[in-house]
Amino acid sequence: MKKLILTLVALVFSFGILSAQDNQPKSELPSITVKTLEGKSIKASEFSNEGKPYVICFWATWCKPCMMELNAMAEQYEDWQEETGIKIYAVSIDDARTCPKVKPLVSGSDWPYEVILDQNSELKRALGVNNPPHTFIINEKGEIVWQHIGYAPGDEENLIEVFRKVIKGEELK
Amino acid sequence: MKKTGLILLLVIISSNAFSQGIFGGKVTGNFQMDLQMSKEDTVIGAEKVNEKALMNAFTNILYTNGDFSAGMRFEAYLNPILGFDKQYKGAGFAYRFASYKKDFLEITAGNFYEQFGSGLVFRSYEERNLGLDNAMDGLKVVARPINGLTIKGVIGKQRYYWEDVWASDDFGLIRGIDAEFTLNSLIKSIENSPLQVNFGGSFVSVYQKAENRFIIDPVSGDSYKINTPENIGSGAARVQMSYKAFNLNAEYAKKGQDPNAVNGYIFREGQAALISAGYAAKGLGINVSAKRIDNMSSKSKRNETGNMLNVNYLPALTRQHAYSLFAMYPYATQVNGEVGIQADIIYKIKKGSMLGGKYGTDLKLNYSRTMSIENESLAPNPAGNYEGTDGYSSSFFKVGDELYFEEINLEVSKKLSSDYKLSFMYSYQTFNPIAIGHPGEEFVYANVFAADLTQKLSKKNSLRYELQLLLTEQDYGEWAAGDWIQGTVEYNLGGKFFAAVSDQWNYGNAHGEKVHYYNLSVGYTHGTSRVQISYGKQREGIMCIGGVCRMVPASNGLFATITSSF
Amino acid sequence: MKKILYSLLLIIPIFWISCDTIEDDQKLVYPKGQTRETTPITVTSSKQRVLLEDFTGWRCTNCPAAAEKATELITKYGDSLVVMAVHATSFAKPSAENNNVDFRTEYGGQWATYFGCTSLPAGMINRTKIGNAYKVNDASWDISIQNSLSTKEHIMDINLGAVHRVADNMILVSCENEFLKNYASPTLISILVLESGIIGVQKSNDNPLIEDYEFNHVLRKNGLVDYFLSIMPISKGQKINKNYLIDIDSDIKDIKKCSVVVFVTDAETKEVIQVNTIEL
């Protein structure tokens, strides 16, 4: 039985590698399906900000630093948007236990983000996230250009500085 | 096994050498290593560790190229750190898969994780920090033939430490299918209707060879064989609706006859129901959830106790705490039967108002209560216990007599000025020791307080002060030892460097030593890599994530973690 | 169209999704002969009874006299006496002369050998040794039964219920074994079916060949012999309830003329502690 599985793995692997060339993605993000707060399915490869760069933040209701990060960013969000047209996807990895808390928390805290539910951590795994908070900046080509883990007060300043560079198309060190 | 893994690894690593990768693909991954050096400490009950150092490490490598992806994980537990089952000892490729999408079909061969609905009948997931991993090994097919319909099919066996689960008949084979309909996508005319409806259903069947289990009548010596069913089926149906600011989620699951070690080999069928309703408006969020679980432990190996081989996931309906004294008496789902409710109100007092202050104030109120289910024992078997019988009867709408856990919890967060932010939390908890396997002990009633002040020293440097206090009258064991106080000071430099000092002091312990659990941590973060070193005493307790708990034994010494994503 | 076809393929796995449902009577597999079904208890007893085993055979010319003796004793002792006619040894070997009727049973033959009841007629009173032997001559049956009734301790009572199930041709026997005193030795229980009123051929001293002899209390096959009732010491007041299923012996001519005999013996001494009988 194990040999059968390994054969299947090898088959899918070789088949996939050979035919993968035909399907170059528009986005570097995997086409993993996640859900919005309204219950609609969306593929991560479909995340977009009208051709502009955007941010993805992984968080969970039980992760204190994540809450601090999202609250700190919420305070600045209006100004940031005006200046750069930023859009933030807040991907929650809350599972069935804490998932019911996501919606009231988002509206009760009055967060302006596009909240995504990744209940079984599929997107988290695909993007190599170990522990939240983990933040990504995606440029207009759909490529991941910057990542950061953890949150300390003041990190949101770092984020917006890098984002400004990405908007201008500057090279990041 | 190792050969295929090595070949995959070589292919992927060599692909990294090319700037574009093989055929334009991309390699990503992550890495984490935990190192622990603990010494014996009789005061806190830290066991003697023979090895100089204990280490857990893993690395994930993922290759993606458009619609194709493949990956593997290499894990090493040499030897597993305290709190991880010793059966993890060893190293190897614990996870490997290849996945391909074409048109509306996605096929994954090898290891995978998946969840049906809320996971009441099937959830395969990992929680690396808790040592939980019930990855499936087999085949997964996901089809989205039309927009709004998703069908998932899985077949395989679950991981069990390092064992070759395919070589033994002891490990059950899981087959499952799930379908989900997003009505508003299926029916174009209601696509943008304010009423959004999703519904879905799943069937799961676990096959395991019948077990030779006997009960012995002590009086006559007669032995009776329990006729264990080989195919255990479960089904679930769910619906999710939202209408403007309101939403409603409900799920019901039923499990067929499944005499197993967790439920004492009774033939009673299992049932679970989850319902959750909420209201979400700008600045106000309300949610009420209720659940009922009756004999729903489902494992792919009948006689397995412990945390491995769970086929489904039964969430606890209690609040997950981030402050350690609030989690002193943590609650884990009683899979054999419990009824619970939880309510949350989250409100933001607008900035500029009288109560809100200059920046606004966040209020969070939470209440949860979990009780036993009504339970009437049926006739026992000839041996005097309930193995081989139906066990008990329980009326769906009746609640049992035993209170397991109750908590009321208030959290207030306020930004005092541009430099100071203060959080204050209070909780009153009632905890029944039966929930952690100590029946007969008296209830624990605790008042817990926490104050958390963050001070911005400059644009990128900050200090955080945290004070927690637990007051309780109950003081009779290691885990219910009277009053506690905890203080933490954390310094953050430029978002890259941090240092923290904390002490947890059991000053109210009248029976034993008033131990100080002191701890010093430093860490450095750079991009996606982070190093953290802690030194000090760790209290024995339960570390809970998502309603599943792992006992962490007492330890005294050094603990280092290195993580990185690439 | 292709999409729908593919989706249909995914429906196939539903056939894998099977679910076993085990019926109530299959959940616990009872040991051989035992069952969870019960039948109401209709015969209770509260006194000590004696089992008289009459070893006999159709060729044994002195046996009719012994059988008559047994019948007299039943009249004398009433329900304090239970008689069981065990056809065994070469005396019971069938031949064309008796129309090849075979009343022998496997266990009957074993008892005859073990207890030394091979020259017939021979009897045993509660399988108790009198002198050095189990065997009691029919002349001494009366006095031996009297002695047994007056000296034997009343240790337990056996209450019975029995029913003949036409549906699967089984006899269901429910036993309530109530111990009135502490009893330390392990005990065994035997559940047997006896048939009366069988007309057949019997040799006799008076009449060479009686063609229409009436055989009573004939021990039939498929009985449950020497099942463990208790392996540990029993305390006073303890009740052991068990239910048994017996396959009906195909040789039985008339089930309505049958009765069930249940007796409990001491596993070490082989003595009968208590006996009871119930008509079907």
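For the structure, see preceding data.
Description of the structure in this document. (Residues numbered from 1 in each chain as written. Chains lettered and ligands numbered in written order. Predicted model: local features only at pLDDT ≥ 70, side-chain atom pairs only at ≥ 80, totals over all residues. Heavy atoms only, no water.)

### Things to note about the overall build of chain C
From N to C terminus, chain C includes 4 helices and 14 strands. Judged by the C-alpha coordinates and their principal axes, chain C covers about 100 × 50 × 30 Å. Sorting the 280 residues of chain C into buried and exposed places 50% on the buried side. Summarising the internal contacts of chain C: among those between residues at least 6 apart in sequence, 72% fall at separations of at least 24. Surface exposure of chain C reaches about 13200 Å², of which carbon and sulfur atoms provide 52%. Side-chain charges in chain C split into 28 positive and 34 negative, and the spacing between the mean points of these groups amounts to 5 Å. (Helix = DSSP H or I, 4+ residues; strand = E, 2+ residues; numbered from the N terminus. Buried < 20%, exposed > 50% of the residue type's maximum accessible area, 1.4 Å probe, protein only. Contact = heavy atoms within 4.5 Å. Areas by Shrake-Rupley, 256 points an atom, 1.4 Å probe, with all protein chains shown as cover. Lys, Arg positive; Asp, Glu negative; His and termini not counted. Charge placed at Lys NZ, Arg CZ, Asp CG, Glu CD.)

### Considerations on the nonpolar core
Counting residues in hydrophobic clusters, the biggest one holds 56 residues, and the most contacted among them are Leu29, Phe47, Ile56, Phe58, Trp59 and Leu123 of chain A. Judged by nonpolar contacts, the second largest core, of 30 residues, contains Met156, Ile191, Ile255 and Ile278 of chain C. (Core = buried A, V, L, I, M, F, W, Y, C linked by side-chain atoms within 4.5 Å.)

### Thoughts on the pattern of salt bridges
Evaluated as defined, the whole model comprises 58 salt bridges over all chains. Between Arg96 of chain B and Asp137 of chain B there is a salt bridge whose closest N-O contact spans 3.1 Å. With a gap of 41 residues between them, Arg96 of chain B in strand 4 (residues 90-102) and Asp137 of chain B in strand 10 (residues 136-143) connect regions that are remote in the sequence. Of the two residues, Arg96 of chain B and Asp137 of chain B, neither departs from the other in class, the shared state being buried. Residue Asp294 of chain B pairs with Arg268 of chain B through a salt bridge whose shortest N-O separation is 2.6 Å. Placement of Asp294 of chain B in strand 19 (residues 284-294) and of Arg268 of chain B in the loop between strand 17 (246-255) and strand 18 (270-281) is noted, with a sequence separation of 26 residues between them. Note on accessibility: Asp294 of chain B and Arg268 of chain B belong to one class, buried. Counted as one network, the salt bridges with shared partners bring together Arg125 of chain A together with Arg73, Glu75, Glu126, Arg128, Asp133 and Arg159 of chain B. (Salt bridge = Lys/Arg side-chain N within 4 Å of Asp/Glu carboxyl O.)

### A word on the interface of chain B and chain C
Taken together, the contacts link 38 residues of chain B with 30 residues of chain C. In total, about 2800 Å² of surface goes out of reach between chain B and chain C, with carbon and sulfur atoms giving 64% of it. In terms of surface lost to chain C, no three residues of chain B exceed Val219, Tyr224 and Asn227 of chain B, which account for 19% of the buried area on that side. For Asp222 of chain B, the salt bridge identified is with Lys242 of chain C, shortest N-O distance 3.0 Å. (Buried area = accessible area lost by both parts, 1.4 Å probe.)

### Thoughts on the packing of helix 2 (residues 63-77) of chain C against helix 4 (residues 141-151) of chain C
Residue and element names in this part refer to chain C. At their nearest, the axes of helix 2 and helix 4 sit 10 Å apart, and the two run at 35° to each other. The crossing of helix 2 and helix 4 is right-handed. Contacts between helix 2 and helix 4 involve Ala66, Lys69, Ala70, Leu73, Lys76 and Tyr77 on the former and, on the latter, Trp141, Asp142, Ile145, Gln146 and Leu149. Taken together, the residues that form the contact of helix 2 with helix 4 break down as 7 nonpolar, 1 polar and 3 charged. (Axes fitted to C-alpha atoms, helices over the stretch in contact; angles between N-to-C directions. Left-handed = near helix turned anticlockwise from the far one by under 90°. Nonpolar A, V, L, I, M, F, W, Y, C, P; charged D, E, K, R; others polar.)

### As for the packing of aromatic side chains
All names here are of chain B. Applying the stated rule across the entire model yields 38 aromatic pairs over all chains. For the pair Tyr160 and Phe171, a centre-to-centre distance of 5.3 Å together with 45° between the ring planes defines the contact as tilted. Of the two residues, Tyr160 is situated in the loop between strand 11 (149-158) and strand 12 (173-182) and Phe171 in the loop between strand 11 and strand 12; the sequence distance between them amounts to 11 residues. Each member of the pair, Tyr160 as well as Phe171, carries the same accessibility label: buried. Taken together, the ring pairs in this structure connect Tyr77, Phe84, Tyr88, Tyr160, Tyr161, Trp162 and Phe171 into an aromatic cluster. Note that Arg128 overlies the ring of Phe58, its terminal NZ or CZ placed 5.6 Å from the centroid. (Phe/Tyr/Trp six-rings, centres within 6.5 Å; stacked < 30°, edge-to-face > 60°. Lys NZ or Arg CZ within 6 Å of the ring centre and 35° of its normal.)

### Focus on the arrangement of the chains
Inter-chain contacts occur across 2 pairs of chains; the most extensive set of contacts lies between chains A and B. Considering only C-alpha positions, the minimal separation of the non-contacting chain A and chain C is 17 Å.

### A look at the side chain of Gln486 of chain B
Tracing the sequence through the fold places Gln486 of chain B in strand 28 (residues 484-493). Within polar-contact distance, the side chain of Gln486 of chain B engages the side chain of Gln504 of chain B at 2.7 Å. (Polar contact = N/O pair within 3.5 Å; in protein donor to acceptor, adjacent residues only side chain to side chain.)

### Points about the sheet that holds strand 3 (residues 54-59) of chain A
Residues and elements named next belong to chain A. Strands sit in the order 2-1-5-4-3-6-7 across an open sheet of 7 strands; the sheet is mixed. The sheet is open, and its two borders are formed by strand 2 (41-43) and strand 7 (144-149), each paired with just one other strand. Sheet twist, expressed as the average angle between the axes of neighbouring strands with direction ignored, equals 30°. Across 3 bridges, the pairing between strand 1 (residues 33-36) and strand 2 is antiparallel. Residue pairing for strand 2: Val34 is matched across the bridge by Ile42. (Pairing = 2+ DSSP bridges.)

### Examining the sheet that holds strand 5 (residues 156-165) of chain C
All names here are of chain C. Taken in spatial order, the 3 strands line up as 5-6-12 in an open sheet, and their pairing is antiparallel. Of all the strands in the sheet, just strand 5 and strand 12 (239-247) have a single pairing partner and so form its edges. Shown here is a sheet whose adjacent strand axes are inclined to one another by a mean of 15°, direction ignored. Inspection of the sheet shows strand 6 (residues 170-179) paired to strand 12 by 9 bridges, in the antiparallel sense. Residue pairing for strand 12: Val173 is matched across the bridge by Tyr244.

### Overview of the state of the cysteines
Residues and elements named next belong to chain A. For the structure shown, the criterion picks out 2 disulfides over all chains. One disulfide bridge connects Cys63 with Cys66, the sulfur atoms lying 2.0 Å from each other. An S-S torsion of about 75° defines the bridge between Cys63 and Cys66 as right-handed. Residue Cys63 is classed as buried on the basis of its relative accessible area of 6%. (Disulfide = S-S within 2.5 Å.)

### A closer look at the side chain of Thr389 of chain B
Relative to the helices and strands, Thr389 of chain B is located in the loop between strand 22 (376-377) and strand 23 (392-393). Discounting residues that sit within four places of it in the chain, Thr389 of chain B has contacts with Tyr265, Ile266, Phe267, Ala379, Pro380 and Asn381 of chain B.

### Topic: the interface of chain A and chain B
At the junction of the two partners, chain A supplies 63 residues and chain B supplies 99 residues. Carbon and sulfur atoms supply 55% of the area buried between chain A and chain B, which totals about 6900 Å² over both sides. At the junction of chain A with chain B, the criterion picks out 10 salt bridges. A salt bridge links Glu126 of chain B to Arg125 of chain A; its shortest N-O distance comes to 3.2 Å. If you look at where chain A meets chain B, you find 27 residue pairs in polar contact (both at pLDDT 80 or more).

### A few points about a nonpolar patch on the surface
Together, Ile345, Tyr347, Leu365, Ile408, Leu410, Tyr428 and Tyr445 of chain B give the surface a local cluster of nonpolar side chains, amounting to about 570 Å² of exposed area. Topologically, Leu365 of chain B is positioned in strand 21 (residues 361-373). (Patch = residues over 30% accessible without salt bridge, like charges linked within 9 Å, V, L, I, M, F, W, Y side chains within 5 Å.)

### Here's the deal with helix 5 (residues 155-168) of chain A
For helix 5 of chain A, spanning 14 residues, the distance from its first C-alpha to its last is 20 Å, which sits close to the expected 20 Å at 1.5 Å a residue. The set of residues buried in helix 5 of chain A consists of Asp155, Glu156, Glu157, Leu159, Ile160, Val162, Phe163 and Val166 of chain A. Check the buried side of helix 5 of chain A and you find it contacts strand 3, helix 2 (64-84), strand 6 (134-138) and strand 7 of chain A together with strand 26 (444-456) of chain B. Downstream of helix 5 of chain A by one or two residues, Gly169 of chain A has phi in the positive range, about 85°. (Expected span 1.5 Å × (residues − 1).)

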